[in-house]
Structures are given as C-alpha cells and as structure tokens.
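Architecture and fold: a report
So you can see what is in the structure, the chains are spelled out below.
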Amino acid sequence: AQVRLSRNNVQHHTEEITVDHLLVRRGQAFNLTLYFRNRGFQPGLDNIIFVVETGPLPDLALGTRAVFSLARHHSPSPWIAWLETNGATSTEVSLCAPPTAAVGRYLLKIHIDSFQGSVTAYQLGEFILLFNPWCPEDAVYLDSEPQRQEYVMNDYGFIYQGSKNWIRPCPWNYGQFEDKIIDICLKLLDKSLHFQTDPATDCALRGSPVYVSRVVCAMINSNDDNGVLNGKWSENYTDGANPAEWTGSVAILKQWNATGCQPVRYGQCWVFAAVMCTVMRCLGIPTRVITNFDSGHDTDGNLIIDEYYDNTGRILGNKKKDTIWNFHVWNECWMARKDLPPGYGGWQVLDATPQEMSNGIYCCGPASVRAIKEGEVDLNYDTPFVFSMVNADCMSWLVQGGKEQKLHQDTSSVGNFISTKSIQSDERDDITENYKYEEGSLQERQVFLKALQKLKARSFHGSQRGAELQPSGPTSLSQDSPRSLHTPSLRPSDVVQVSLKFKLLDPPNMGQDICFVLLALNMSSQFKDLKVNLSAQSLLHDGSPLSPFWQDTAFITLSPKEAKTYPCKISYSQYSQYLSTDKLIRISALGEEKSSPEKILVNKIITLSYPSITINVLGAAVVNQPLSIQVIFSNPLSEQVEDCVLTVEGSGLFKKQQKVFLGVLKPQHRASIILETVPFKSGQRQIQANMRSNKFKDIKGYRNVYVDFAL
C-alpha cells in the first residue's frame with residue numbers, strides 16, 4: 001500500500017507537523033493506494049476488510065477497534081471506506097473516521113477475501129488521528145478560517161503580563177508543530193492517572209474534547225502525577241529555571257520527555273497556560289491564552305476576597321489564603337458542550353495552574369465562559385472558582401490589637417482588562433465583556449447575587465441543592481452555619497469626605513528612583529487633620545506580600561475643599577535588594593482623621609519595566625538559505641551584573657533553542673551579537689529572546705519574520 005503522505009497531510013492541515021508520517025483529522029477522508037501482485041482488485045468478487053485499532057486494549061464495543069468493508073454503506077461501523085479508482089494492479093481507496101472517533105495513534109490492517117476463497121492479511125502501518133476544527137460534525141468545529149489559523153495553526157503569540165496599569169506583551173513560542181511534539185503530546189495522555197488506572201476506558205473517552213481537555217489540564221502540572229511542570233511561587237529557583245526565563249513550550253516539553261517524564265522545574269500560571277496551549281493546538285482543539293488582571297483566588301467559595309492590613313497600610317498574609325493575583329493566566333478551548341444545557345458551548349475556561357482540586361485532581365474546567373457571565377455556577381466544571389476569579393468582591397480589613405475592623409468592600413476591583421492576542425494581529429483584544437456585565441451595572445449585581453444564591457443552595461442542600469431556592473432575592477444565613485455566605489450590602493456607601501490617591505511622576509524604570517505623590521482631597525466644608533501611614537513592599541504576582549522595605553508618616557491639614565500633594569521617593573538602593581522577580585511594588589497609605597474613627601485605605605501596584613531586547617533580521621529570510629540575526633541588549637542597571645545568558649528561539653527558524661553565555665556586563669553597557677541560522681519553514685514566523693543575569697531574569701524581545709519559499 002502507498003499512502004500519499006504529503007497530499008493527505010496538506011488536506012488535513014498537518015503538513016506543518018510532518019510529511020513523513022500519516023497524520024489525519026477525524027470526520028475527513030484520507031487516501032490509500034493498494035497494489036496487488038498478480039491481478040487487480042475485482043469489486044463484487046473480492047472483498048477488502050479494514051481494521052483500525054487504538055490503545056493497548058482495542059475493543060469493538062468501546063469504539064477503539066473498528067472493522068469495516070469497502071463500499072458497505074450499511075456496515076455497523078461508523079468508520080467508512082469507499083473505492084476511488086481501480087486499475088489493473090492498483091486500487092485507490094478513501095477511508096474516513098467518524099467525527100466522534102477517539103484521537104490518538106492507530107494501527108491499520110486489511111484482510112482481502114478473494115473470490116477464490118483465500119484470505120490475505122496485511123498490516124499497513126500506523127497513523128495518528130486528531131480533532132478536526134474544519135469538520136462541522138466535530139465537537140471542536142470552528143466556523144471561521146481566520147480563527148482556525150490563529151487558534152490551531154499559529155505557533156507563536158503573546159501572553160499579557162504586568163498590571164492593569166501597565167500591560168506588557170510577553171512573546172511566546174508555542175511550537176506545536178515542531179519535531180517530536182506530537183509524540184510528546186500523545187505520551188502525555190498515556191502518562192495520565194486515567195490511562196494508568198483504566199487504559200481501555202481512557203482511550204475510548206479520547207473522542208470527547210471535554211474529557212481530553214481535563215486530562216491534559218491535570219497533566220500540565222505535576223501535583224498528582226508525573227506531569228510536565230512543577231509550580232513554584234517563591235524567590236528560590238536555584239534547583240531549576242526561574243519561570244520568568246522561559247520563552248517557549250518546546251524546550252519544556254522536550255526536557256520532560258528526555259528525562260523520563262520528570263516534571264520540569266519551574267512554572268507559574270503563564271507557563272502552565274502556554275504549555276497547555278501548545279498541547280491542545282497540536283491535538284487540534286482551538287485554544288487561546290487568556291490573562292485576567294487583578295484575578296481573585298477565593299478559597300472558601302463565598303465570592304469574597306478578604307485582604308488584611310495593619311495600621312501602617314501594609315498588606316498581611318491571611319489564614320484563609322484568599323489573594324488577588326496581580327495577573328493570572330489560563331486557557332480558553334473551543335468545543336461543544338453536550339453535557340450542558342443548550343447555549344453553553346463555545347469558549348471554555350481551562351486552568352492548568354494547580355490552585356484547587358476538581359474531583360480529587362488538580363485541574364480546573366472546562367467551565368463555559370457564557371455560564372460564568374450568566375452566574376450559572378452550578379454547571380460543570382469548576383464554574384464557581386472561575387466566577388470568583390473574574391467577579392468576586394474584595395473586602396478590606398484593618399487588623400489592630402487582635403481585632404478586625406472592616407474598612408470597605410469593593411465590588412469592581414477583581415477581574416480587569418481580560419486579555420488575549422488578536423486574531424492574525426499582534427494587538428491585544430480586551431474580552432472582559434465575555435466574562436461579565438459592565439461593573440456597576442444592575443445586571444452585574446444581579447448575576448453576582450444569583451451566583452451567590454446558587455452557592456448557598458449547593459453548600460446547604462448538597463445533592464438536593466436548589467430544591468428550595470427562591471427565584472430572586474438573597475436569603476439570609478445564620479452565623480453558626482458551617483459555611484456562612486453573607487450577601488454583600490447593596491445600600492449606597494456613606495458619603496466620602498476625604499479621598500487619597502497615588503500618582504506616579506515618572507515612568508517606573510528598573511534601576512531608577514521611584515517618584516510619586518500622595519494626593520489628598522477634602523470634599524467637606526470642614527477642616528481635616530490627617531495622619532497617613534505609608535509603606536511599600538514587594539509582591540509576588542500571586543498576591544503574596546513580602547516584607548515592607550519603606551515606610552513614612554505624613555501629617556496633612558486640609559482646609560475645606562482643599563487638595564494637597566505629599567511628595568514621596570523610593571530610591572533604587574532602597575528597593576533593589578527587596579525586589580521580587582515579578583518586579584512588583586505595592587505602595588499603601590492608611591489615613592485617619594483625629595476626630596473620626598474612620599480609616600481611609602488606598603494602594604497602588606507599581607510594575608518596574610526594563611528596556612526590551614532589539615532584534616534585527618539582516619537580509620531576506622528564505623527557506624534553506626543562511627540568515628543572520630542581530631540581537632542588541634543592554635544592562636539597564638547602574639551596577640555590574642554577572643552570569644548573563646541570552647536565550648533565542650523561534651519555530652521554523654531554529655532547530656533548537658540557542659543559548660549564548662555572555663558572562664559579565666558593566667553598568668549601563670550596551671552590546672550586540674550576530675546569530676546565524678537556516679530557516680526550515682516558510683510563512684510568518686517569530687523570534688523570541690530573553691536575557692537573564694544574577695540581578696534580573698526576564699529582559700525580553702521579539703521580532704516577526706516572514707520566510708519566503710526557496711526560489
């Protein structure tokens with residue numbers, strides 16, 4: 001038999017992966033040519049029976065084995081085959097897997113029953129079957145070709161980081177079509193707890209994108225299994241890579257594979273999401289990477305994030321472990337949801353960062369984005385947790401003398417500028433409206449209360465949740481309930497008489513002093529004497545506070561309707577040794593009037609920025625022709641940095657990640673190097689670069705390159 005690999009793979013949009021092996025998509029025909037030694041195939045007299053098998057225990061009843069004949073339209077098998085052309089010594093046939101078939105590696109065999117009574121069996125070889133977003137009957141069907149090109153075929157992109165006030169695109173090499181990645185993705189499925197426990201059932205369920213996405217989500221982290229990545233949120237990464245250093249998924253997946261599936265150290269949310277995007281796009285499920293700024297992590301399911309402050313304005317850790325992440329990154333995968341009521345298919349949230357368990361395993365989703373927007377938190381999977389990430393309320397408390405005093409409740413601080421890369425563009429798309437109604441609107445509060453009410457019902461009624469749920473209005477709960485879920489007050493807050501606000505005077509660049517002012521405004525017709533405690537502390541991007549390194553106290557007297565500014569400066573020498581890799585500084589002010597017990601809290605998160613790496617492509621980029629690339633980088637600090645390493649990669653441009661050891665860079669030193677490569681794939685490509693040292697870990701840069709076919 002001859003398989004026209006190139007033609008089949010091009011028709012199935014898999015030629016980017018390989019043209020050396022057969023990779024096809026379900027619900028779409030592929031062609032084989034069968035050659036006969038002595039005589040040609042005689043329809044009506046001869047019969048060709050095809051057998052396809054996947055998994056270690058193929059089973060007709062489970063759908064992991066299929067037996068079907070040529071042109072038998074009434075065959076009980078959902079797999080079909082038909083005759084295309086028939087010659088003297090060769091016959092061309094087409095085979096088609098059902099659009100619900102399990103994805104994975106298949107073995108193809110044929111039995112030929114001749115009219116003379118002889119039966120001949122042949123093993124034709126292996127092929128890989130993938131999901132098919134081009135097939136209208138497939139559960140992952142996406143009806144827009146530009147979206148298919150972006151969310152399945154594009155092998156690079158941007159992951160948005162920083163803060164809502166300073167959104168920074170981080171370039172990423174997904175590399176889902178790079179050498180061996182498809183094999184690693186299939187191995188990842190076989191290493192899951194589901195496969196290890198019951199391989200026959202696991203393989204049978206691989207036709208469901210809901211099931212496959214949950215398996216992959218659990219396998220990206222290593223909390224329950226030998227998953228791809230170890231997560232770590234601290235400042236000590238000496239036994240692995242700092243998560244900020246990664247620029248692509250390929251090196252991570254190949255390291256996991258090369259070390260016998262030992263988890264790679266280390267990842268954080270954007271790394272988990274990026275690697276999951278690579279695997280899902282490789283398997284054929286449309287996937288994109290989403291960033292949520294000011295992302296809630298509600299640990300007790302009451303849709304309230306509690307934050308605690310001391311009397312200096314310093315944020316404290318809390319026993320509940322509720323936090324607001326400066327940003328959090330997850331995936332959306334496109335699929336039908338036949339397990340949910342109509343209307344909840346489409347984009348589904350999957351979060352591979354190990355935060356909370358789902359059915360006993362660290363994974364999250366798929367949760368319908370529409371269900372999140374509508375507050376339908378009783379729909380599978382993990383919808384309440386995702387709802388809290390984008391729409392929880394934030395309660396601030398003052399801790400003093402062992403007592404807690406409520407400062408204020410903010411209904412709009414969680415879930416801002418929810419972002420993803422635009423389709424076939426380097427711009428950022430804001431998709432916040434997909435997740436929630438406009439903050440401050442009546443609809444948004446109604447949805448919040450509906451979600452809270454559903455959680456109350458589930459908490460108290462267990463398997464009978466919702467039986468006594470009233471159609472509208474929050475119900476009150478007793479204080480001694482096992483999980484008190486208190487409805488937030490919808491009464492208008494008291495009229496604020498004094499406001500405080502921070503304002504930066506200059507862009508906050510790494511290595512420079514941070515200059516800002518505290519703006520105080522008296523909106524009343526009375527004099528106000530304020531005492532304001534100010535502090536600054538580093539934050540990890542998951543919201544965990546580090547020790548404060550700067551404090552000040554301001555005494556401000558305000559006449560009626562008067563505004564004043566209080567100038568502040570934090571020098572580089574003050575913050576440099578306390579700064580986390582995330583480069584986040586939280587400045588806080590806690591003000592109080594002499595004549596009033598009321599407290600005023602204001603804070604601001606500052607993200608320090610580096611100058612980016614500049615990449616220049618010297619000359620035209622042509623497949624299989626040498627190409628020179630100039631990389632210009634600098635030390636932004638006024639001190640010497642050591643152990644400098646430059647990492648450069650790009651799918652279709654470099655066969656593997658390039659590492660250049662630069663050693664020592666003098667203060668403010670600027671330098672460049674020339675790298676030589678030979679592009680091996682045509683089309684739009686991207687170069688990603690990162691420089692790390694003993695003082696910083698993630699100075700990044702990128703350059704898009706169009707590679708022409710060889711002339």
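What counts, and at which threshold
Along each chain, numbering runs from 1 in the same order as the chain's sequence is written. Local features in a predicted model are, by the rule used here, given only for residues with pLDDT of at least 70; side-chain atom pairs are given and counted only at 80 or more, and totals for whole chains, interfaces and linings are based on all residues. For side-chain calculations, the full set of non-hydrogen atoms in the structure is used, while hydrogens and water are omitted. UniProt positions are given in the numbering used here, feature names are shortened, and annotations may be inferred rather than shown by experiment. A run of DSSP states H or I qualifies as a helix once it reaches four residues; a run of E qualifies as a strand once it reaches two. Both are numbered from the N-terminal end. Polar contact is the term for a pair of N or O atoms within 3.5 Å; when the atoms are in protein, one must be able to donate a hydrogen and the other to accept it, and sequence-neighboring residues count only if both atoms are side-chain atoms. Residues are treated as being in contact if the distance between any of their heavy atoms lies within 4.5 Å. Here's how the labels work: a residue is buried when its accessible area is under 20% of the maximum for its type, exposed when over 50%, partly exposed in between, all with a 1.4 Å probe on protein chains only. Strands qualify as paired when DSSP identifies two bridges or more between them. Fitting a line to C-alpha atoms yields each axis, with helices limited to the stretch in contact; the angle taken between N-to-C directions then spans 0 to 180 degrees. By this rule the span expected of a helix is its residue count minus one, scaled by 1.5 Å. Domain ranges listed in this record stem from an automatic or a database domain assignment. In this description, a nonpolar core means a group of buried Ala, Val, Leu, Ile, Met, Phe, Trp, Tyr and Cys residues linked to one another through side-chain atoms lying within 4.5 Å. The aromatic pairing rule takes the rings of Phe, Tyr and Trp, using the six-membered ring of Trp, and pairs them if the centres are within 6.5 Å, calling planes under 30 degrees apart stacked, those over 60 edge-to-face and the rest tilted.

In the nomenclature of an unreviewed UniProt entry, the chain corresponds to Protein-glutamine gamma-glutamyltransferase 5 from the organism Pan troglodytes. UniProt, in the comment section headed Function (unreviewed entry), describes the chain in these words: "Catalyzes the cross-linking of proteins and the conjugation of polyamines to proteins. Contributes to the formation of the cornified cell envelope of keratinocytes." Regarding the chain, the relevant UniProt record gives this comment under Subcellular location (unreviewed entry): "Cytoplasm".

Structurally, the position occupied by N331 is in strand 17 (residues 323-335). Among the polar contacts listed, one links the side chain of N331 to the backbone oxygen of A273, at a separation of 2.9 Å. Setting aside residues up to four positions removed in sequence, N331 forms contacts with A273, M276, C277, T287, R288, V289, I290, Q348, V349 and L350.

This part takes up the UniProt feature "active site" (unreviewed entry) in the chain. Here, UniProt's "active site" (unreviewed entry) annotation points to C269, H328 and D351. Judged by maximum C-alpha separation, these annotated positions cover 83 residues in sequence but sit close together in space, the widest gap being only 9.6 Å. For H328, the location among the structural elements is in strand 17. In this structure H328 touches C269, I290, T291, N292, S295, D351, T353, Q355 and M389, once residues within four positions along its chain are discounted. Judged by its relative accessible area of 1%, D351 falls in the buried class.

Bringing the sheet that holds strand 31 (residues 614-618) into the picture now. The three strands lie next to each other as 31-32-35, forming an open sheet whose pairing is antiparallel. Each edge of the open sheet is held by one strand with a lone partner, namely strand 31 and strand 35 (670-677). In this sheet, neighbouring strand axes are inclined to one another by 20° on average, regardless of whether the strands run parallel or antiparallel.

Overall, antiparallel pairing links the six strands, which are arranged 19-18-17-14-22-23 in an open sheet. Two strands lie at the open edges of the sheet, namely strand 19 (367-368) and strand 23 (428-430), each paired on one side alone. Bridge analysis of strand 14 (residues 287-297) against strand 17 gives 10 bridges, and the strand direction is antiparallel. Among the inter-strand pairings, T291 is bridged to a residue of strand 17, identified as V329.

Further remarks concern helix 6 (residues 209-220). Note: α-helices contain 3.6 residues per turn, so residues at a spacing of three or four share the same orientation. Taking 1.5 Å of rise per residue, the 12 residues of helix 6 would be expected to cover 16 Å, and the 16 Å separating its terminal C-alpha atoms lies within 8% of that figure. Counted residue by residue, helix 6 has 12 buried out of 12 residues, so it is predominantly covered. By the burial criterion, the buried members of helix 6 are P209, V210, Y211, V212, S213, R214, V215, V216, C217, A218, M219 and I220. Its side-chain oxygen placed 3.3 Å from the backbone nitrogen of V210, S208 serves as the N-cap of helix 6.

It is worth spelling out the domain arrangement of the chain at this point. By domain assignment, the chain separates into domain 1 (1-128), domain 2 (143-456), domain 3 (496-605) and domain 4 (612-705). For domain 1 and domain 4, the distance between their C-alpha centres works out to 47 Å.

Now for the nonpolar core. Counting residues in each nonpolar core, the largest one holds 68 residues, and the members touching the most others are W172, V216, I220, L229, I252 and W270. A per-element tally of this core places helix 8 (residues 269-283) first, with 13 residues. In terms of domain composition, this core takes at least three residues from each of domain 1 (1-128) and domain 2 (143-456). Counting 56 residues, the second largest nonpolar core, distinct from the first, contains M510, F516, L530 and I613.

Another aspect to go through is the UniProt feature "binding site: Ca(2+)" (unreviewed entry) in the chain. Taken from the UniProt record, the annotation "binding site: Ca(2+)" (unreviewed entry) applies to N391, D393, E439 and E444. Their sequence span is 54 residues, while the largest C-alpha to C-alpha distance among them is just 11.7 Å; these annotated residues converge on one region. Looking at where D393 falls in the secondary structure, it is placed in strand 20 (residues 393-400). Accessibility expressed as a relative area gives 0% for D393, which makes it buried. Within the fold, E444 resides in helix 12 (residues 442-461). The exposure class assigned to E444 is buried, which follows from its relative accessible area of 1%. Excluding residues that lie within four positions of it along the chain, E444 makes contacts with N391, T411, Y437, E438 and E439. A polar contact of 3.4 Å, which involves the side chain of E444, links it to the side chain of N391.

Before going further, it helps to examine helix 10 (residues 383-391). Extensive coverage of helix 10 is indicated by the burial of nine of its nine residues. Along helix 10, the residues that are buried comprise T383, P384, F385, V386, F387, S388, M389, V390 and N391.

A word on the side chain of N416. Tracing the sequence through the fold places N416 in strand 22 (residues 416-421). Given the relative accessible area of 14%, N416 is considered buried. Side-chain polar atoms of N416 contact the backbone oxygen of S413, separated by 3.0 Å. Setting aside residues no more than four positions away along its own chain, N416 makes contact with K164, N292, F293, D294 and T432.

Two aromatic rings are characterised by how far apart their centres lie and by the angle between their planes. In this structure the tally under the stated criterion is 23 aromatic pairs. Considering the side-chain rings of W233 and F272, the 6.3 Å spacing of their centres and the 20° angle between planes classify their relative orientation as stacked. A residue pair is termed long-range when its members are at least 10 positions apart, and W233 in the loop between strand 12 (229-231) and helix 7 (250-258) and F272 in helix 8 qualify at 39 residues. Looking at F272, the relative accessible area reads 0%, which means it is buried. With centroids separated by 6.5 Å and ring planes inclined at 20°, the aromatic side chains of Y308 and W397 adopt a geometry described as stacked. Taken together, the residues span a long stretch of sequence, with Y308 in strand 15 (residues 304-309) and W397 in strand 20 at a distance of 89 residues. Residue Y308 is classed as buried on the basis of its relative accessible area of 10%. Put simply, the rings of F30, F50, F68, W79, Y106 and F127 pair up and form one aromatic cluster.

This part takes up unusual backbone geometry. Note the cis peptide between G365 and P366, where omega equals 0°. With respect to the secondary-structure elements, P366 resides in the loop between strand 18 (346-350) and strand 19. In this structure, the amide linkage connecting N380 to the following residue, Y381, adopts the cis form with an omega of -5°. Mapped onto the secondary structure, Y381 falls in the loop between helix 9 (369-374) and helix 10. Non-glycine residue H13 carries a positive phi angle of around 60°. The topology assignment puts H13 in the loop between helix 1 (5-11) and strand 2 (23-25). Located in the positive-phi region is D643, a residue other than glycine, with phi close to 55°. Summarising the element assignment, D643 is placed in strand 33 (residues 641-649). By relative accessible area, D643 is classed as exposed at 52%.

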